Amino acid sequence: MELFLELQSKTKQLEISIKQLRQSGTDYAQAEKDYKILLREECLKLRDEGMAIGMIDKTCYGIPSVADARFKRDVAEAVYKANLEAINSIKLQMRLIENQLSREYASNANV
C-alpha cells in the first residue's frame, strides 16, 4: 500500500512538473525572441553607422543590453532543461516503484 501511495505522489509531481515545463518553455521561447530582435536591431544600427560587416557580430555581443538579453535567454534555457531532467527523474522513479510493486504482487500471488 505504501508503494502505491508513493506512486500516486510521483504522478502528482509529474503533473506539476509538466505544467512548470510548459511555462518555462514559454519563457525560454520569449527570451529567445527578445534576444534575437534586440541583436538584429543593434547589428543594423552598427551597420548604419558604417561599421565593417565582419566586426558587427563580435561587437554586438558585447553591447550590455544584448549581453543581458542573451544571459536571460541562457538562464531560461537552463531552467527549461532542468525541468525536463526533473520530469525524466520522476518518470524513472515511477518505473522503479512500478517494478517494485510488480515484484511484491508476484511474490504475494505465489504465497
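Heads up: these notes are all about the structure in this document.

What to know about the overall build of the protein chain
Across its full length, the protein chain carries three helices and zero strands. What you see for the protein chain is a C-alpha radius of gyration of 24 Å, clearly larger than the 13 Å of a compact globule of 111 residues, by over 25%. With the principal axes as the frame, the protein chain shows a C-alpha extent of 85 × 20 × 15 Å. Burial statistics for the protein chain: of 111 residues in total, 23% are counted as buried.

Some words on the environment of Ile18
Take Ile18: it is sitting in helix 1 (residues 2-48). You can call Ile18 partly exposed: its relative accessible area is 37%. Along the chain, Ile18 and Ala86 lie 68 residues apart, while their C-alpha atoms are 9.4 Å from each other.

Reading the values: the criteria
Residues numbered from 1 in each chain as written. Predicted model: local features only at pLDDT ≥ 70, side-chain atom pairs only at ≥ 80, totals over all residues. Heavy atoms only, no water. Helix = DSSP H or I, 4+ residues; strand = E, 2+ residues; numbered from the N terminus. Rg over C-alpha atoms; globule rule 2.2 N^0.38 Å. Buried < 20%, exposed > 50% of the residue type's maximum accessible area, 1.4 Å probe, protein only.

Read these as spatial facts, not as claims about activity.
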